[in-house]
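# Breakdown of the fold
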Amino acid sequence: MNFKTYMNEKRMMVDTRLAELLQTDVTPFGPLYEAMNYSLMAGGKRIRPVLMLSVLEALGKNAAPYLDIACAMECVHSYSLIHDDLPAMDDDALRRGKPTNHVVFGEGIAILAGDGLLTFAFELMARQRHIDPDKIRQCLYTFAHAAGPAGMVGGQAFDLQSEGNKDIGLDGLRLLHRSKTGVIFKAAIDMAAILGDAEPSQRQALDTYALNMGLTFQITDDILDIAGDEAILGKPVGSDVKNNKATYVTIFSLEEARNMAQKAAAAAIAAAEPLGEKAWFLRELVSYMLVRTM
Ligand SMILES: CC(C)=CCC/C(C)=C/COP(=O)(O)OP(=O)(O)O
Ligand SMILES: C=C(C)CCOP(=O)(O)OP(=O)(O)O
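Described below are features of the structure shown in this document. (Residues numbered from 1 in each chain as written. Chains lettered and ligands numbered in written order. Predicted model: local features only at pLDDT ≥ 70, side-chain atom pairs only at ≥ 80, totals over all residues. Heavy atoms only, no water.)

### A few points about the nonpolar core
- Ranked by size, the top nonpolar core spans 75 residues in total, and within it L51, M52, Y209, M213, L282 and L285 carry the most contacts.
- In terms of residue count, the dominant contributor to this core is helix α9 (residues 169-195) (eleven residues).
- Contacts of Y209, omitting those with residues within four sequence positions, involve L51, I189, A268, A271, A272, L282, L285 and V286.
- Of all hydrophobic cores here, the second largest spans ten residues; its members include L176, A246, A257 and A261. (Core = buried A, V, L, I, M, F, W, Y, C linked by side-chain atoms within 4.5 Å. Buried < 20%, exposed > 50% of the residue type's maximum accessible area, 1.4 Å probe, protein only. Helix = DSSP H or I, 4+ residues; strand = E, 2+ residues; numbered from the N terminus. Contact = heavy atoms within 4.5 Å.)

Below, the structure is given as structure tokens:
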């Protein structure tokens, strides 16, 4: 199977399941569910859930029983996008090719739609009765730690604090990217390693892969913010500059950022080598991240 077919198949599995999970007609809180579904089902590459499922397959496991855990990751990601776009944060009006949640539903409902997706994700994980309860406990801990104040929420706070400060340097930038974005990719991989009974040597390879693929993804995101095409990207170009963000492009140059992304990608591909043929998708995913346009 080639990269595109694999990616599309997995993305469709995730989309189909997500559409089943959050029905709008079973609740007196219809408008809230509508707002949650609006962002969740607006498209999106579904990289985090696909990554989780593909690591399970790289470990030789059947990924299907873990689809809901992968969907929970997408719920948390969608929440983070809704909140990231709010006027109090990046104040962006376009996401996944559509007006942002607060533009359509107002700030109050957008905040609650984010809160709803975040909490629903953990409910969904906790109700997976067919999975070993200790593995679920480990996954809940791993994902909550990654998404919370020690991870993504902390990273987002650091991002806000760093606005206008180009002196954070490479170390600051690494911390920012690792916590804001990288931890969620790492959590996808860690949860797959827990659920898929990864051996210590496989864990080690996956850890190095996670670090470098997260970096590749985020440097490319920084590059696309300057050099991307809004119509393809589905979100505003120039948002980082508008908000005076410290990024690989605003601190270094476009060319240096491209070199850094290439180095990180090469390190990720090398790290996945010992995982063998079954991990082919993980290597191709990193190559895709370098050239993605959306
Ligand atoms: C707790 C919260 C709200 C976390 C937000 C994490 C997140 C979506 C970062 C995206 O960063 P970005 O602003 O660089 O991405 P984009 O370019 O997609 O806006
Ligand atoms: C963390 C960042 C940089 C936000 C965008 O993530 P994606 O590029 O994965 O966005 P979608 O495809 O899910 O919309």
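Moving on, there is more to tell.
### Re the site of ligand 2
- Every residue near ligand 2 is listed here: G44, K45, R48, H77, L81, R96, T181, F217, Q218, D221, K235 and R292.
- One nitrogen or oxygen atom from the side chain of R96 is found 2.7 Å from an oxygen atom belonging to ligand 2.
- Placement of ligand 2 is best described as lying within the largest pocket.
- Looking at the shell around ligand 2, the elements that each hand over two or more residues are α4 (67-84) and α10 (200-227).
- For the shell around ligand 2, a count of residues per class yields two nonpolar, four polar and six charged. (Near = heavy atom within 4 Å. Polar contact = N/O pair within 3.5 Å; in protein donor to acceptor, adjacent residues only side chain to side chain. 1 Å grid on protein atoms, 1.4 Å probe; cavity = no way out; pocket = protein on both sides within 12 Å on 5 of 7 lines; lining within 4 Å. Sits in = over half its atoms within 2 Å of the grid points. Nonpolar A, V, L, I, M, F, W, Y, C, P; charged D, E, K, R; others polar.)

### Topic: the layout of surface pockets
- One number sums up the size of the largest pocket: a volume of about 950 Å³.
- What lines the largest pocket is a set of 48 residues, and nearest its centre among them are H77, L81, D84, R95 and K235.
- At the level of elements, α4, α8 (152-161), α9, α10, α11 (230-233) and α12 (239-242) are the ones that each hand at least two residues to the lining of the largest pocket.
- Looking at the lining of the largest pocket, the element that brings in the most residues is α4, giving seven residues.
- Residues of the lining of the largest pocket, tallied by class, amount to 19 nonpolar, twelve polar and 17 charged.
- Looking at the second largest pocket, its volume works out to about 280 Å³. (Points joined across faces, edges and corners; volume = space filled by probe spheres on them.)

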